[in-house]
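# Secondary and tertiary structure notes
What follows is each chain in one-letter form.
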Amino acid sequence: MTQFIKKESQKELLKNDRFILWVLFPNEELDTFWRHYIQCYPEEKETLEKAKADFKKIKLNAFQLSDIEKRRLIQSVKRKAAAQKRIRLRRQVWKYAAACIFILGIGISFWLSQTNFSFPQNESNLITSAVLEDNQTEIELFTQTQKIQLSNNTEIRVNKIGNVEIPEEDIQLIEEKIIPEEDLPGKVPMNILKVPEGRRSFLTLPDGTKAWINSGTIFQFPEQFNAKERIVYVEGEIYLEVNKDPSRPFLVKTSQMDIQVLGTSFCVSAYNDVDNQSVILREGSVSVNNRIGGKQQIHPNEMLVLADNQMKVKQVNAYDYISWIDGFLQFNQRDLESILAQLARYYRVKIICSDNLKTLKCSGKLVLFDDVEHVLNTLQTTLSISYVKEGDQILIK
């Protein structure tokens, strides 16, 4: 069967994941696809070469992806290109540096290049003393007997009998540490995963549920779930793919709401330094309780925002809010201020934006790598803005 290939403009090519992957990491399969593209549209050869040259203007450092990381990235792009109804997200480990694509939608013509932690005291099974220290820079996992310091993007597994499994190469430090009994008000032993700004982690829970933990987050989970329900606690941001078990509902508790599911995939954003909290549903359905009697059910591609004890639901593209698990930030008419806030947390930097730029609407995608300055350089070129570093701050003008 002949594969249908859509003809694309230079701007469309620069938004095409398959094209980007080909420029960054060419292989035989991608070379074959783009040779076939030229055979279909020979008049577009020059356009393809110009798009390729424009993309290569983005500076990359010398760090190379491992074969495993390349395979994961290729698999992700293939899933998107096939436009599947359900995309099984896989952990992406972004250890290479610095290229960005940012597409602006600001109503004019544009050129496209390239924490204190506290929960309600009456919640059971909750360790209320968990905090993210200001000077914490590495991921820390607290079990009942140990404090373990982990590398960025470490994959953690908790097996069915409650044992924590971590690749040996990702363990930086182990300290024997017994949590005082007075800090354990519940009957179920809880583990605490503390992920500071600038770091991310991935966790498989005892029931097979997968959790992506974003920067600046504390995630509390039991060694084993009980027979009636599965409860976890979060302050910060997580994305969950919940393993379905009708006999044991899955419950996520934040400082302001309870989210109940049976089996689904969704994102919870509940930072203590942000006025509102939100739930974004990708698949399935969830029920959200605001703890003062309000209850709301949401459906795929809906976002529930809780602010001032009021819940509001709106239609969204769910992937815009969970793309960070794949190493992207994807936007659709988002304020520049909110984009910079995400970058600040992701890279553990302080970014201050001029008031006249905060409401600038942007649409597109940022590919996240390990160097914030290359991201800012791309924003500077694309947006015709400037930035300057003053001490530990970055000022956007």
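Scroll up to find the structure this text is about.
Report on the accompanying structure. Small disclaimer: the values here were computed from a predicted structure and weren't measured.

### Focus on the layout of surface pockets
- If you add up the space inside the largest pocket, you get close to 1,300 Å³.
- Along the wall of the largest pocket there are 43 residues; nearest its centre are Val274, Arg334, Ser338, Ala341 and Gln342.
- Among the secondary structure elements, those contributing two or more residues to the lining of the largest pocket are strand E13 (265-270), strand E14 (277-283), strand E17 (302-307), strand E18 (310-315), helix H6 (319-322), strand E19 (328-335), helix H7 (336-347) and strand E20 (350-353).
- Top contributing element to the lining of the largest pocket by residue count: H7, with eight residues.
- Within the lining of the largest pocket, the residues separate by chemical class into 19 nonpolar, eleven polar and 13 charged.

### Some details on the sheet that holds E20
- Spatial strand order, E20-E23-E22: three strands in an open sheet with mixed pairing. At either margin of the open sheet sits one strand with a lone partner, and together these are E20 and strand E22 (387-390). The mean angle between the axes of side-by-side strands here comes to 25°, regardless of whether they run parallel or antiparallel.
- Note that E20 and strand E23 (residues 393-396) share four bridges and pair parallel. Residue Ile351 lies in a different strand from E23, and its bridge partner there is Ile394.
- Lying over the sheet, H7 contacts E20 and E23, oriented at roughly 170° with respect to E20.
- In the packing of helix H8 (residues 372-383) onto the sheet, the strands contacted are E22 and E23, and the crossing angle to E22 comes to about 145°.

### As for the environment of Asn377
- Position of Asn377 relative to the elements: it lies in helix H8.
- For Asn377, a relative accessible area of 33% corresponds to the partly exposed category.
- On a C-alpha basis, the gap between Asn377 and Tyr387 in space is 8.4 Å, while along the polypeptide they are ten residues apart.

### Details of unusual backbone geometry
- A positive phi angle, close to 60°, is found at Asn153, a residue other than glycine.
- One can find Asn153 in the loop between strand E2 (146-150) and strand E3 (155-158).
- Positive phi outside glycine occurs at Asn309, with the angle close to 65°.
- Inspection of the secondary structure puts Asn309 in the loop between E17 and E18.
- Looking at Asn309, the relative accessible area reads 41%, which means it is partly exposed.

### Re the packing of aromatic side chains
- What the rule picks out here adds up to eleven aromatic pairs.
- Between the aromatic rings of Phe219 and Phe221, the centroid separation amounts to 5.7 Å while the plane-to-plane angle is 25°, which identifies the pairing as stacked. Across this residue pair, the class does not change: Phe219 and Phe221 are buried.
- Members of the aromatic cluster, joined through ring pairs, are Phe19, Trp22, Phe33, Trp34, Tyr37 and Tyr41.
- The aromatic ring of Trp22 is capped on one face by Lys52, whose charged end is 4.3 Å from the ring centroid.
- Here the basic side chain of Arg345 rests over the ring of Tyr271, its NZ or CZ set 3.5 Å away from the ring centre.

Calculation notes
- Residues numbered from 1 in each chain as written.
- Predicted model: local features only at pLDDT ≥ 70, side-chain atom pairs only at ≥ 80, totals over all residues.
- Heavy atoms only, no water.
- 1 Å grid on protein atoms, 1.4 Å probe; cavity = no way out; pocket = protein on both sides within 12 Å on 5 of 7 lines; lining within 4 Å.
- Points joined across faces, edges and corners; volume = space filled by probe spheres on them.
- Helix = DSSP H or I, 4+ residues; strand = E, 2+ residues; numbered from the N terminus.
- Nonpolar A, V, L, I, M, F, W, Y, C, P; charged D, E, K, R; others polar.
- Pairing = 2+ DSSP bridges.
- Axes fitted to C-alpha atoms, helices over the stretch in contact; angles between N-to-C directions.
- Contact = heavy atoms within 4.5 Å.
- Buried < 20%, exposed > 50% of the residue type's maximum accessible area, 1.4 Å probe, protein only.
- Phe/Tyr/Trp six-rings, centres within 6.5 Å; stacked < 30°, edge-to-face > 60°.
- Lys NZ or Arg CZ within 6 Å of the ring centre and 35° of its normal.

Remember, this is a structural readout, not a statement about activity or role.
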